[in-house]
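Summary of the model geometry
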Amino acid sequence: MAVDRKQLIVEAATKSFSLFGYKATTMDQIAKIANVGKGTIYTFFENKEELLAEIVTALIKEMKAEAEETIRDDLSFHENANRAIYRLLEFRKDHQLTIKLFQEEREIGTPTVMEVIQRVEGAIINYIKDKVEEAIQKGEIRQCDPEVTAYIMLKMYVSLIFDWEKCHQPLDKDKIASLFEFYLFKGLSK
């Protein structure tokens, strides 16, 4: 059985980035974990940045698939939005690589990692934006700027899941959903 060396390298890099972070990972570590020569890595990837980019592309595809699994035709836009965004953020929270990358972005501010985080958030926003556009076309929500709306939806969820927990008891999934519906879909006006 032929060994897919490129896949071994990607898996080894994912493991190393997850354990040590992007900045602390070296091509030598990746080669050792993959059990390949360092030169073999360079036959597939020009540098560590290119290797991380490939991993993140696969990660974004996986995140989108996770979100799509939550969408149901019998639910309203805001119920599906709730389910999909929650799943995306749970994925991000549960996935060791994203945990490490977000930690490195916060603590070290590695420029390459900051770009990757922006790329992941951009992909999430684009996904939500597409769903907002569909909901507008179906008449489920009022006309609005889909990109701004997607941004607000994501940031509200991030605040309720991650930021709130810094000083308060974590909110459960149902409470987050009800707050999301109240502030975004119903509003504060009587």
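Residues numbered from 1 in each chain as written. Predicted model: local features only at pLDDT ≥ 70, side-chain atom pairs only at ≥ 80, totals over all residues. Heavy atoms only, no water.

Residues three or four positions apart in an α-helix share a direction because the helix packs 3.6 residues into each turn. If you check helix H5 (residues 77–94), its first and last C-alpha atoms are 25 Å apart, about what 18 residues at 1.5 Å a residue would give, namely 26 Å. For H5, the complete set of buried residues consists of Phe77, Asn80, Ala81, Asn82, Ala84, Ile85, Tyr86, Leu88, Leu89, Glu90, Phe91 and Arg92. Contacts from the buried residues of H5 go to helix H4 (48–70), helix H6 (96–107), helix H7 (111–137), helix H8 (146–163) and helix H9 (173–186). (Helix = DSSP H or I, 4+ residues; strand = E, 2+ residues; numbered from the N terminus. Expected span 1.5 Å × (residues − 1). Buried < 20%, exposed > 50% of the residue type's maximum accessible area, 1.4 Å probe, protein only. Contact = heavy atoms within 4.5 Å.)

Notably, Asn35 is not glycine yet its phi reads approximately 60°, a positive angle. Turning to its location among the elements, Asn35 is positioned in the loop between helix H2 (27–34) and helix H3 (38–44).

Right, let's talk about the packing of H5 against H8 for a bit. The contact between H5 and H8 brings their axes to 10 Å, and the two run at 55°. Compared by their axis directions, H5 and H8 come out oblique. Here H5 and H8 pass one another in a crossing that is right-handed. Taking contact as the criterion, the partners of Phe77, Ala81, Asn82, Ile85, Tyr86, Leu89, Arg92 and Lys93 in H5 are, on H8, Met153, Leu154, Tyr157, Val158, Ile161 and Phe162. Here the residues of the contact of H5 with H8 sort into 11 nonpolar, one polar and two charged. (Axes fitted to C-alpha atoms, helices over the stretch in contact; angles between N-to-C directions. Parallel < 35°, antiparallel > 145°, perpendicular 65-115°, else oblique. Left-handed = near helix turned anticlockwise from the far one by under 90°. Nonpolar A, V, L, I, M, F, W, Y, C, P; charged D, E, K, R; others polar.)

Tallied over the full model, the rule gives six aromatic pairs. Ring geometry for Phe17 versus Tyr22: centroids 5.6 Å apart, planes at 40°, classification tilted. An identical accessibility class is assigned to Phe17 and Tyr22; each is buried. The interplanar angle of 55° and the centroid separation of 4.7 Å between the aromatic rings of Tyr157 and Phe180 together place this pair among those described as tilted. Of this pair, Tyr157 sits in helix H8 while Phe180 is found in helix H9, placing the two residues 23 residues apart along the sequence. Assigned by exposure class, Tyr157 and Phe180 land together as buried. In textbook terms, an aromatic cluster arises when at least three aromatic residues are bridged by ring pairs, as seen for Phe77, Tyr86, Tyr157, Phe180 and Phe185. (Phe/Tyr/Trp six-rings, centres within 6.5 Å; stacked < 30°, edge-to-face > 60°.)

Quick look at the packing of helix H1 (residues 5–20) against H6 now. Two numbers describe how H1 lies on H6: the axes approach to 8 Å, and their chain directions differ by 45°. By the angle between their axes, H1 is oblique relative to H6. Classified by chirality, the crossing of H6 by H1 is left-handed. Taken together, the residues of H6 that come into contact with H1 (itself represented by Thr14, Phe17, Ser18, Leu19 and Phe20) are Gln96, Leu97 and Lys100.

One pass over the full model with this rule turns up nine salt bridges. A salt bridge links Lys38 to Asp28; the shortest N-O distance between them is 3.5 Å. Of this pair, Lys38 sits in helix H3 while Asp28 sits in helix H2, and the two are 10 residues apart along the sequence. Owing to a relative accessible area of 37%, Lys38 belongs among the partly exposed residues under this scheme. (Salt bridge = Lys/Arg side-chain N within 4 Å of Asp/Glu carboxyl O.)

What follows is about the side chain of Glu121. Among the secondary structure elements, Glu121 is positioned in helix H7. With relative accessibility at 16%, the residue Glu121 sits in the buried group. With residues near it in sequence (within four places) discarded, Glu121 still touches Arg92, Phe102, Leu154 and Lys155.

Moving on, we come to the nonpolar core. In this structure, Ile9, Phe17, Ile30, Leu51, Ile128, Met153 and Tyr157 are the most contacted members of the largest nonpolar core, which totals 56 residues. Only H1, H2, H4, H5, H6, H7, H8 and H9 provide two or more residues apiece to this core. The element that contributes the greatest number of residues to this core is H7, accounting for 12 residues. Not counting chain neighbours up to four residues away, the residues in contact with Leu51 comprise Ile9, Val10, Ala13, Met27, Ile30 and Phe45. (Core = buried A, V, L, I, M, F, W, Y, C linked by side-chain atoms within 4.5 Å.)

Spatial relationships are all this shows, so hold off on functional conclusions.
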